[in-house]
Each structure stands twice: as C-alpha cells, then as structure tokens.
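Analysis of the macromolecular model
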Amino acid sequence: MMHKVRMDLASVTFELELDDVIAPNTVGSILDLLPVVTPIHVWGEELYTDPLPIKAKTENSKSLVEVNDIAFWPQGSAICLFLVLLQLVEKMRSNHIPQ
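My aim in this report is to walk through the structure given alongside it, one point at a time. (Residues numbered from 1 in each chain as written. Predicted model: local features only at pLDDT ≥ 70, side-chain atom pairs only at ≥ 80, totals over all residues. Heavy atoms only, no water.)

**Structural notes on the pattern of salt bridges**
- Taken as a whole and assessed by the stated rule, the structure comprises four salt bridges.
- Lys4 serves as the salt-bridge partner of Glu17, at 2.9 Å between the closest nitrogen and oxygen. Taken as a pair, Glu17 in strand E2 (residues 12-19) and Lys4 in strand E1 (residues 2-9) lie far apart in primary sequence, 13 residues in all.
- The residue Lys62 makes a salt bridge to Asp69 at a minimum N-O spacing of 3.5 Å.
- What emerges from the salt-bridge pattern is a single network uniting Lys4, Glu15 and Glu17. (Salt bridge = Lys/Arg side-chain N within 4 Å of Asp/Glu carboxyl O. Helix = DSSP H or I, 4+ residues; strand = E, 2+ residues; numbered from the N terminus.)

See below:
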C-alpha cells in the first residue's frame, strides 16, 4: 500500500510516497515516528537525515537504488532520499520567483 507523506524543506513542500509492499515493517516504523523534524545532509546526489529513533532490521534490502527511491539505512539509522538535487533546487528557486 502506498502512503503519502509530506516533507518540508526550506520553504518548499514535497509529497513523498512510501510503499509498504517491499518493506512493511520499515515503512510502519517510519510512519509511526511521523511527524519528525531533523536536519537534512547532502552527500553526492543523496539526502540523508540525522540518525532517527527507528527500530527496523534490514528488510528486503538492495544495493542499487533508483532516482526518487526512499530508503532506510539501518547502520546510520537514517532515512535516505535519492532525489535529483537539481530538481529540488529548481523547485525551491521557482518558489521564490516574484509573481
């Protein structure tokens, strides 16, 4: 089942989808934690949260991800967003253009 969640980054709101078909326990743990406020860190083309109090074991993990995937990194207890940063920047810039 698809769960829609909102992420506010700076002054821009993004709608994310968490699919619990692949990792129902992990997605359930993330949903139970919401709402959460955490710093976001950039590493290459990826965004990571600070460590979060999510108790989830590795569940149907994969080493290769695709653009727009959202994953949980158990070793760092962080949520990873594999979004195209250029798209995020463009959306944030377009939000600040005077009408």
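Back to the text.
**Examining the nonpolar core**
- Met7, Ile54, Ile79 and Leu81 are the most contacted members of the largest nonpolar core, which totals 17 residues.
- Listing elements by their share of this core, those giving two or more residues are E1, E2, helix H1 (24-33) and strand E6 (78-82).
- Among the elements that take part in this core, E2 stands out by supplying four residues, more than any other.
- Setting aside residues up to four positions removed in sequence, Met7 forms contacts with Val12, Thr13, Phe14, Leu16, Leu81 and Leu83. (Core = buried A, V, L, I, M, F, W, Y, C linked by side-chain atoms within 4.5 Å. Buried < 20%, exposed > 50% of the residue type's maximum accessible area, 1.4 Å probe, protein only. Contact = heavy atoms within 4.5 Å.)

**Regarding the layout of surface pockets**
- A volume near 850 Å³ is recorded for the largest pocket.
- As for the largest pocket, its lining consists of 31 residues, and the residues nearest its centre are Lys62, Asp69, Ile70, Ala71 and Phe72.
- Tallied by class, the residues present in the lining of the largest pocket amount to 17 nonpolar, seven polar and seven charged.
- Taken as a whole, the second largest pocket holds about 510 Å³ of empty space.
- Lining the second largest pocket are 20 residues, with Arg6, Met7, Asp8, Leu34 and Val36 sitting closest to its centre.
- Where the lining of the second largest pocket is concerned, the elements lending two or more residues are E1, E2 and E6.
- Ranked by residue count, the leading element in the lining of the second largest pocket is E1, at five residues.
- Partitioning the lining of the second largest pocket into residue classes produces 16 nonpolar, two polar and two charged. (1 Å grid on protein atoms, 1.4 Å probe; cavity = no way out; pocket = protein on both sides within 12 Å on 5 of 7 lines; lining within 4 Å. Points joined across faces, edges and corners; volume = space filled by probe spheres on them. Nonpolar A, V, L, I, M, F, W, Y, C, P; charged D, E, K, R; others polar.)

**Regarding H1**
- Along H1, the positions that sit buried rather than exposed are Thr26, Val27, Ser29 and Ile30. Within H1, the buried residues cover an arc of 160° as seen down the axis, which keeps them to one side. Along H1, the residues that are exposed and aim more than 90 degrees away from the buried face are Asn25 and Asp32.
- Those residues of H1 hidden inside the fold are in contact with E1, E2, strand E5 (69-73) and E6. (Arc of directions from axis to C-beta.)

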